[in-house]
Amino acid sequence: MMIVRKLLERKIFIGLKVVLILVTGGLAINKLDKELMPSVDFNMAMVTIQAGDLPVTDVESQITVPVEQALSNTDGVESYQSSSTTGSSSLFLEIEEGKMDQVIRDLETDLSRIENELSAVEYTDVFPMSTDQNYEFYMEISGGNLDKLTAFGRDVEERLEKLDEVRDVRLNGLQQSEYVVEFDREKLIEHGLDINQAAGMLQQADMNVSIGELKEEENEPSLRWNSAVASKEDIEAVPLQTVNGPVTVDEIAEVKLEQAQQSSMAWKDGSRDFIFVEIGRTNGFTQIELAEAVRAEVTAIKDSGADAGLSFTEVVAQADYVSSSIDGVTLNILIGGLLALIILLLFLKNFRATLIVGITIPVSILLTFTVMWTAGYSINMLTLIGLGLGIGMMVDASIVILESIYRKKEQGYEGTEAVMQGLKEVTSAVIASMLTTLVVFLPVGLFGGDFAVFILVLSVVVVITLVSSVVIAFTLIPALAENFLKLREKDRHKLNQRKPVTEGYGRMIHWLSGRKRRRYSLIMLFFIVFVSSMALTTKVPFTLMPDVLNRYAEVGLELESGLTQSEREEVVQAAQFKLTGVPDVESVIFMDSVDYLFALINMTKGDKITADQHEVNEAINDALRELEPDYPVKSVGMLMGPGNGEPVQLYVKGEDLTETALISENLKEELAQVDGLVNLKTSADAQVEERQFKFKEEPLEEDSLTKTDLYQQLQGVFSKIPVGEVLEDGMSVPILAASNSVIESEEALEAFEITSTTGVKPLSDYMELETVLSPLQIQRDNGDRYVTVAAEIEGRDLGAVTRDVQSIVDEFQTPSGYSVAVAGDMEAQQEMIMDLLIVLSLSLLLVYMVMAVQFNSLVHPLIIMSVIPMTAAGSVLALLITQRELSVLSALGILLLIGIVLNNAILLIDRIKQLRLTGLTVNEAVVEAGKNRIRPIFMTTLTTVGGMLPLALAGGTASGYQAPLATVIIGGLLFATLITLGLIPSVYLMVEDLKRGIRKLFSKKKKTTPELNEKAS
């Protein structure tokens, strides 16, 4: 209090502080990065290893298992899951906090060793997972033949990469050339060569390397060996050493320039005649700055006529979603702040009081931005939602302090005395309210899962907003209220003229205090309401993370392994046909990525919208899932929001694949009984028929051949062998070696001639073929094999389905050594519920401890916390009525509510305590405290609701995130406030009844003891 008095004597300090906040806040707004989502690095990584056509069992044994063994010995790796398919191994890692860089370095070293040891490995990649995308601006080039499109695409790439804002440009769908050296097999045999030897000599001839330094010469020049080929003629002239002497390549081979498969296959509306342009952002520039720079350069390109009539248009620009999200949430914040001021004006009917609070809102917001800038945060969807949630609470402390000062002026106090008396009444309550709200968020860091970091970001912003508002409330409000807050003469001593609502509430509390059965009956009624509402939680829809509604969707189609180019083309054409029947789908781009097809779908906007995005998303999923029975499509799922792959996944773990396949099939039959589960499948269903070599050992031994000899002679007849590359016109053109003997049938394979020391014989003399069944995919979890049983959900929410599935899992019997465990969204949901319970428990404990210290009582905090169950009941009812989903973010709203709803109860109990110290009886103090506090309670509640109402009602990009969160808070707060006004006085009186009962009991014992002593004597 002394600090406030000193500040009132030096108002110039407060004025300069406000000016400083305005300046730094304005600077912070301009400096803060603007992005769709905060830049967050998850403690996870993806590892991809490509190995040509290596069979799935070989991929597991030769690649996956060695990588897993290396991971098990790597410090910082918490867990890993792997998937082995034909020619591909992928691993998903979870890494300890702070050890990502070290793990990645160790892993890259291990992968490099495996790549050197195993010639089948063609490509390895380690990708740390984060919210940052490599590319954030997408365009397309179409309307011409591929030669013309490619030439224009190269020019666009060169011009865009010169921009400071652009880090990288990637072109997908380019026409590429390659030199194929087709060796004549008969001539190779004639010269005593096989294709591997010829390719090796050609590779060694194509060299451009530094081989050392001439240290005794001036400047110690380096010595370079340059025999690199630069043209088709150079390739043809390369000499090869044979048993018959040197020969040139063109003597035993034909060099051809062929058009290769497009660099990364892409389709626009079913056509491959287009180029997909991906543009990445340089660090230090925002997505909006990238978009502005690219659009300016694109305009310059079109104005210069360089596009030559080609279509060169935008597909997706993240900056547009950033701008629309920021604009939408900012508008909601402004509307919320305006509603809060209108509510304040209606209650106080004093323009100056409203203006004082109105001044504190922008100052508090600017202080919040300043702290965010200092802490390294950005303006994004989450931080703006946090700020929007904070708007309602931002004025709570200011309203309580101002209302208390206002009431003192109504009682006749003036100037500094009114301020100090007003502050004296509410300081402890405001500080207790702030601390209880803050400690609620302390355990938030214990949240696990992929979304924990988002919860933490949102929580920190709310805390920053709250602390900023309290700092402003205790400094700026008293300074302005001292002289600027004036009351009309008729408003003075107005407290003697109680309002009808205040008097009515006072009479209700007096009625409750008159008979014990009245207040006990009210408490029992509230308990019944709570239990009934909790029973309705099963009816509330559930999802992990809400959708981003931006009239755009990304869908992943998981394909079966080993598909040919024509089979992939067939899937794309079928998918495109299905999507043409979906309303509001405007354009579709398919991207090919090994075992997946990614669909980038733009929807109609503005006046062309005919269906809500939720409906369009469902229609897209349903249309593409129709492909699964007839095409090699394993699963379909949205990459953003709900429907990300199969939400229901169960792991059947065990070493023997045959046994796990049988168990998974039995489990699938059990799950088929669950209502709402569709497209049930197991990963063991997918098997491929292979023709396997069975060698004849005697003929091999007789002709002095080994299996390796046969393998080497077969090289080049099934696939091309990479040799090197030629640099032409600044572009790298690959050089590949191949045989002119092409094997495409079993008959041709058996007739293939094998050369040995005894002569030439057909391959069938040394082997025969047998049919075997092989899994398309082998999955492992921390080194243990497992089979996935997966299903999609239709017509029910995840929470309801999870309960039914879990009951089946609990009763399902497995043999020894085998087990069933939940995974996917089900596992994430269960983890989230457990985390939420732990966080709630710790939050309640911390809140209790803070209030126990603040009130110096172990009982008063329990009275205040009795309102919390009613808060949960209100939130559940609000979600049930609006049919909005309970998600990770809306669950955070329940945590936030604990701090908010306790504020009202703290105000009430704190005032009762003050009045009892003045000599009032319990009943008198309860009634008078209710009359004193009903106005600030209603004001703070309605201003918070008013601040969040636009978030709950708004549409747009961020509505999926903000609306359920705001709904939880509005429903819980309104319900809890109404309950608080009746429940808290009833519980307080009940506790006093118990105290009196206990005192009477002990006093009777004390009286009885002397009487017994007298009789005994």
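Attention here is on the structure that accompanies the text.

What counts, and where the lines are drawn
- Residues numbered from 1 in each chain as written.
- Predicted model: local features only at pLDDT ≥ 70, side-chain atom pairs only at ≥ 80, totals over all residues.
- Heavy atoms only, no water.
- Helix = DSSP H or I, 4+ residues; strand = E, 2+ residues; numbered from the N terminus.
- Buried < 20%, exposed > 50% of the residue type's maximum accessible area, 1.4 Å probe, protein only.
- Contact = heavy atoms within 4.5 Å.
- Areas by Shrake-Rupley, 256 points an atom, 1.4 Å probe, with all protein chains shown as cover.
- Pairing = 2+ DSSP bridges.
- Axes fitted to C-alpha atoms, helices over the stretch in contact; angles between N-to-C directions.
- Patch = residues over 30% accessible without salt bridge, like charges linked within 9 Å, V, L, I, M, F, W, Y side chains within 5 Å.
- Salt bridge = Lys/Arg side-chain N within 4 Å of Asp/Glu carboxyl O.
- Parallel < 35°, antiparallel > 145°, perpendicular 65-115°, else oblique.
- Left-handed = near helix turned anticlockwise from the far one by under 90°.
- Lys, Arg positive; Asp, Glu negative; His and termini not counted.
- Charge placed at Lys NZ, Arg CZ, Asp CG, Glu CD.
- Expected span 1.5 Å × (residues − 1).
- Nonpolar A, V, L, I, M, F, W, Y, C, P; charged D, E, K, R; others polar.
- Arc of directions from axis to C-beta.

Overview of the overall build of the protein chain
When helices and strands are counted, the protein chain shows 31 helices and 30 strands. Per-residue burial over the protein chain gives 52% buried out of 1017 residues. For the protein chain, contacts bridging at least 24 residues in sequence account for 79% of all contacts bridging at least 6. Of the roughly 46,100 Å² of accessible surface on the protein chain, 55% is carried by carbon and sulfur atoms.

Remarks on unusual backbone geometry
Its identity is not glycine, yet S704 carries a phi of approximately 55°, on the positive side. Mapping S704 onto the fold places it in the loop between helix 22 (697-702) and helix 23 (707-714). Given a relative accessible area of 55%, S704 falls into the exposed group. In this structure, N782 is a non-glycine residue whose phi angle is positive, near 50°. Inspection of the secondary structure assignment puts N782 in the loop between strand 28 (777-781) and strand 29 (784-793).

Describing the environment of L836
Mapped onto the fold, L836 is located in helix 26 (residues 824-855). L836 gets classed as buried once you look at its relative accessible area, which sits at 15%. Along the primary structure L836 and I894 are separated by 58 residues, whereas in three dimensions their C-alpha atoms are 9.8 Å apart.

Focus on the sheet that holds strand 14 (residues 274-281)
Taking strand neighbours across the sheet as the criterion, the four strands line up as 6-14-5-15 in an open arrangement whose pairing is antiparallel. Whereas interior strands pair on both sides, the edge strands pair on one side only; in this sheet they are strand 6 (166-172) and strand 15 (311-317). In this sheet, neighbouring strand axes are inclined to one another by 20° on average, regardless of whether the strands run parallel or antiparallel. Bridge count between strand 6 and strand 14: six bridges; the pairing is antiparallel. Within strand 14, the residue paired with V166 across the bridge is R281. Strand contacts of helix 5 (residues 146-160): strand 5 (137-142), strand 6, strand 14 and strand 15, with the helix running at about 170° to strand 6, the strand carrying the most contacts.

A short note on a nonpolar patch on the surface
Together, M207, V209, I211, L214, L223 and W225 make up a nonpolar patch on the protein surface, roughly 510 Å² of accessible area in all. Looking at the nonpolar patch, the elements with two or more residues in it are strand 8 (208-213) and strand 9 (222-226). For I211, the location among the structural elements is in strand 8.

Details of the packing of helix 1 (residues 2-9) against helix 15 (residues 415-440)
One way to put it is that helix 1 packs onto helix 15 with a least axis distance of 11 Å and a crossing angle of 155°. Here helix 1 is positioned roughly antiparallel relative to helix 15, judged by the angle of their axes. Crossing of helix 1 over helix 15 shows right-handed handedness. Judged by residue contacts, V4, R5 and L8 of helix 1 engage T416, V419, M420 and L423 from helix 15.

Here we look at a negative patch on the surface
The grouping of E669, E670, D810 and E811 at the surface amounts to a negative patch. Mapped onto the fold, E669 is located in helix 21 (residues 657-671).

Observations regarding helix 28 (residues 868-882)
For helix 28, which comprises 15 residues, the first-to-last C-alpha distance of 22 Å matches the rise-based estimate of 21 Å (1.5 Å per residue) to within 8%. Taken as a whole, helix 28 has its buried residues at I868, M870, T871, A873, G874, S875, V876, A878, L879 and L880.

Some details on the packing of helix 17 (residues 500-514) against helix 18 (residues 516-535)
Where helix 17 meets helix 18, the axes come as close as 5 Å, and the angle between the chain directions of the two elements is 110°. With respect to their mutual orientation, helix 17 and helix 18 come out roughly perpendicular. The residues of helix 18 that touch helix 17, namely those facing W511, L512, S513 and G514, are K516, R518, R519 and L522. Along the lines of polarity and charge, the residues of the contact of helix 17 with helix 18 split into three nonpolar, two polar and three charged.

Quick notes on the pairing of strand 10 (residues 239-242)
Where burial is concerned, the two faces of strand 10 differ: the one with L240 and T242 is buried and the one with P239 and Q241 is not. One ladder, built from four bridges, connects strand 10 with strand 11 (residues 245-248); its direction is antiparallel. Following the sheet pairing, L240 is matched in strand 11 by V247. Taking the residues that link successive antiparallel strands as the turn, the strand 10-strand 11 hairpin has two residues.

Structural notes on helix 4 (residues 100-117)
Under the 1.5 Å per step criterion, the end-to-end length of helix 4 is 26 Å for 18 residues, consistent within 8% with the ideal 26 Å. Of all the residues in helix 4, the buried ones are M100, V103, I104, L107, D110, L111 and I114. Seen along its axis, helix 4 keeps its buried residues to an arc of 130°; they face one direction. Residues of helix 4 that are exposed and point more than 90 degrees away from the buried face comprise D101, T109 and N116. Next to the buried residues of helix 4 lie strand 1 (41-50), helix 3 (56-72), strand 2 (77-85), strand 3 (88-95) and strand 4 (123-130).

Re the side chain of T150
Inspection of the secondary structure assignment puts T150 in helix 5. A relative accessible area of 11% places T150 in the buried class. Beyond its immediate chain neighbours, meaning those up to four positions away, T150 contacts L174, Q175 and I275.

Focus on the environment of T802
With respect to the helices and strands, the residue T802 is situated in helix 25 (residues 798-811). Residue T802 is classed as buried on the basis of its relative accessible area of 5%. Taking the C-alpha atoms as reference points, T802 and V822, separated by 20 residues in sequence, lie 9.5 Å from one another.

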